[in-house]
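# Close look at the chain arrangement
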Amino acid sequence: MNYLNESIDSLHKKLAAKEITSKELTDQTLNDMKDKEKDISAFITVNDNAVKDAEKVDQAGINGPLSGIPIAIKDNIVSNGIKTTAASKILYNFMPVYSATVLEKLEAAGAINIGKTNMDEFAMGSSTETSFFGDTHNPWDFEKVPGGSSGGSAAAVASGEVVAALGTDTGGSIRQPAAFNGIFGIKPTYGRVSRWGVIAFASSLDQVGVMSKRVEDSATVLSIIAGHDEHDSTSSEKEVPDYRANLNKDMTGVRIAVPKEFWHEGTNPEIIKQINAAIDTYKEMGATVDEVSLPALKHAVEVYYVLASSEASSNLQRYDGVRYGFRAKDVKNIKDLFVNSRSEGFGDEIKRRIMLGTFALSAGAYDAYFKKAAQVRTLFIEEMGKVLEDHDLIMGPSTTSTAFKIGDKIDDPLAMYMNDILTIPANLAGLPAASVPTGLADGMPVGLQIIAKPFNEQAIFNAAYALQEQNKFYEQIPTALKGED
Amino acid sequence: MISKDEILHVAELANLKLKNDEVDDFVSQLGRIVDMESNLASVNTDGVEPTYNMGDTNTTFREDKGIRTQTREQMFENVPESEDNLIKVPTIVDKEDDE
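Residues numbered from 1 in each chain as written. Chains lettered and ligands numbered in written order. Predicted model: local features only at pLDDT ≥ 70, side-chain atom pairs only at ≥ 80, totals over all residues.

### Side note on the overall build of chain A
Inclusion rule: Under the scheme used here, helices are H or I runs from DSSP no shorter than 4 residues and strands are E runs no shorter than 2 residues, and both carry numbers assigned from the N terminus. The globule rule is 2.2 Å times the number of residues to the power 0.38, and the radius of gyration it is compared with is taken over C-alpha atoms. Working definition of a contact: two residues with C-beta atoms, positioned from the backbone, lying within 7 Å.
The number of helices and strands found in chain A is 16 helices and 11 strands. At 21 Å, chain A has a C-alpha radius of gyration in line with the 23 Å of a compact globule built from 485 residues. Referenced to the eigenvectors of the C-alpha coordinate spread, the extents of chain A come out at roughly 65 × 55 × 45 Å. Long-range contacts, defined here as pairs at least 24 residues apart, represent 77% of the contacts in chain A between residues at least 6 apart.

Below, the structure is given as structure tokens:
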């Protein structure tokens, strides 16, 4: 099965009408993946039991919209009995004995976990190049990165290996790869989706979200995975709307804010052109657009790298080689076991982040870095909140550049961090945000970022859907895939 | 800037060991990143409360009843080395320490 021209609706219709069984669909998906994976390498692990899982769904009968449909899962979301590595050597052999709540919910809805997608190690990175398991290639140009950290999920969707995938987003890890691959990707409000069973990176920023070619497919999946979970006390008890049923592309009277700081001087002018055109489209559809200012934005990267690294250094203390994962050989004592397992098991980027975080939390640096960043975060939340008092949406580019060449930035961490400047704000403020394709710049996809008020994912889906129905970007076939046929 | 000694101290705190040829790279890379982060000093945060946690609820409650989680056998499935149903680790009190 090639999903380039399919949607959850079109697949559900075929399954419900028994034109195809879930087993056949899953078989065909695996066959198509075998072909495409030679060029893309989007997956770390393919689910060997996927066909059996599909047979069970066939026997139980197709009921809900996701029933019988294969979905890809980012490899930092634990899956019972299927290896889960977070793309790290330190978890190279980790076999979870339970599944994350999001995966349980998908499986309860009849979705088939087709496999675990590649990512930056522990979701730290913007190119999927820090993975212990090798690079993933962008289906628009195999020599380019798919973005990151959810690069495998994005490439799997964009290349039509699957119709939708789960990703996670701590500083842009869903939106940036969505933009780089010409697909839709949404990071929900902090607390909208349970983080239980999601390998922790920065707990005050991490959130699970969805990626798909079509906006309505992410709406369907998000309604299924969202909601309160007693295993995650930060998950909200607010009711989950049926985003798909409520989709409304009427933009009349929608108030859009465009922060001038998002029109960053370093941004590719071709991207600016695309984004300006998209915003004009919204005006033509009846929305009002105001320029606003978010002065604290210029400190977003600084705040983020202090806080995310500090939380990471704490969260990653658990990897010590004792209870699971990689254990160093030839050690004399327990201290050596900890130090050698960590030093041999973590990649360079993870070490850098742990070191940065440990430094920011250490005596003497705590007030100037960790506490200071947490205070600037408060200013930031207030600024964004104020803009959203008078506006329904904030819009701007998702990224400052289109996908770059594999190897171009990996040796310059600071340049890599600057990639996140436009996506970090939504994480710091806990706001829902998405990237929706607008068109191409220099032959590579461009994404418009849409940010909304807390728990107003519906406003994002509606606006993204309105643009999608205008530009029909999902009809475009990624360039490098065309060369293959 | 951040000095080589500071880097080595932080590595020690983080239970990480850097190879000799890695240390200089870490010093220069982390130095540049920390310099970038130091721009935060220019923001006036007098009287501003820090934000350490997110989420729209303070505390959620559930009924106080036992829930079934993993079994001991399941928990042991990922243990690299075990003996007699216990996790095996190397010496904790080093003999050399006594010498």
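### Some thoughts on the interface of chain B and chain A
Going by this rule: Amino acid classes used here: Ala, Val, Leu, Ile, Met, Phe, Trp, Tyr, Cys and Pro are nonpolar; Asp, Glu, Lys and Arg are charged; the rest, including Gly, are polar.
Residue-level contacts link 45 residues of chain B with 56 residues of chain A. Among the elements of the structure, α1 (4-13) and α2 (20-37) of chain B are those that each provide at least two residues to the side of chain B that touches chain A. Looking at the side of chain B that touches chain A residue by residue, the class counts come to 23 nonpolar, 14 polar and eight charged.

### Let's talk about the sheet that holds strand β5 (residues 184-187) of chain A
Residue and element names in this part refer to chain A. Our working definition: Two strands pair if DSSP finds at least two bridges between them. Simply put, an axis is a line fit to the C-alpha atoms, just over the touching stretch for a helix, and the angle between two N-to-C directions goes from 0 to 180 degrees.
Across the sheet, 11 strands lie side by side as β1-β3-β2-β4-β6-β5-β10-β11-β9-β7-β8; this open sheet has mixed pairing. Strands with a single pairing partner mark the edges of an open sheet, and in this sheet they are β1 (43-46) and β8 (288-292). Put simply, the sheet's adjacent strands are angled 30° from each other on average, direction ignored. The sheet contact formed by β1 and strand β3 (residues 112-117) spans three bridges and is antiparallel. In the strand pairing of β3, F43 is matched with T117.

### Notes on the pairing of β5 of chain A
Residue and element names in this part refer to chain A. Quick note on the threshold: Any residue with 12 or fewer other C-beta atoms within 10 Å of its own C-beta is exposed, any with 20 or more is buried, and the rest are partly exposed; the C-beta atoms used are placed from the backbone.
Side chains of β5 alternate between two faces, with F184 and I186 and G185 and K187 buried alike. Both β5 and strand β6 (residues 208-212) contribute to a ladder of three bridges, which runs antiparallel. Paired with G185 across the bridge in β6 is M211. Relative to strand β10 (residues 433-441), β5 is paired through three bridges, and the arrangement is antiparallel. The residue of β10 that forms the bridge with I186 is A434.

### Focus: the environment of F142 of chain A
Residues and elements named next belong to chain A. Inspection of the secondary structure puts F142 in the loop between β3 and α5 (151-158). The spacing of F142 and K405 is 263 residues in sequence and 9.0 Å in space, taken between C-alpha atoms. When near neighbours in sequence (up to four residues on either side) are disregarded, F142 contacts D39, H137 and A480.

### A word on the nonpolar core
Residue and element names in this part refer to chain A. Basically, it comes down to this: The nonpolar core is taken to be a set of buried Ala, Val, Leu, Ile, Met, Phe, Trp, Tyr and Cys residues joined by way of C-beta atoms within 7 Å.
I71, V162, A164, M211, I450 and A464 are the most contacted members of the largest nonpolar core, which totals 162 residues. With nine residues, the single largest contributor to this core is helix α9 (residues 300-315). With residues near it in sequence (within four places) discarded, I450 still touches L393, M395, A433, A434, V436, I460, A463 and A464.

### Remarks on helix α2 (residues 22-40) of chain A
Residue and element names in this part refer to chain A. Formally: Two axes enter the bend calculation: one fitted to the seven residues ending at the residue in question, the other to the seven starting there, and the bend is the angle between them.
Along α2, the sharpest change in direction is near 35° and occurs at K34. Residues of α2 that are buried: S22, K23, L25, T26, T29, L30, M33, K36 and I40. Buried-residue contacts for α2 involve α1 (8-16), β1, α3 (50-60), β2 (70-74), β3 and α5. In the segment just after α2, S41 is the residue with positive phi, at about 55°.

### Overview of the environment of I77 of chain A
Residue and element names in this part refer to chain A. Its place among the elements puts I77 in the loop between β2 and α4 (101-108). For I77, a count of 26 C-beta atoms within 10 Å corresponds to the buried category. Sequence spacing of I77 and S398 is 321 residues, and the spatial spacing of their C-alpha atoms is 24 Å. Ignoring anything within four residues of it in the chain, the contact list for I77 reads A100, V102, L103, L166, G197, V198 and V208.

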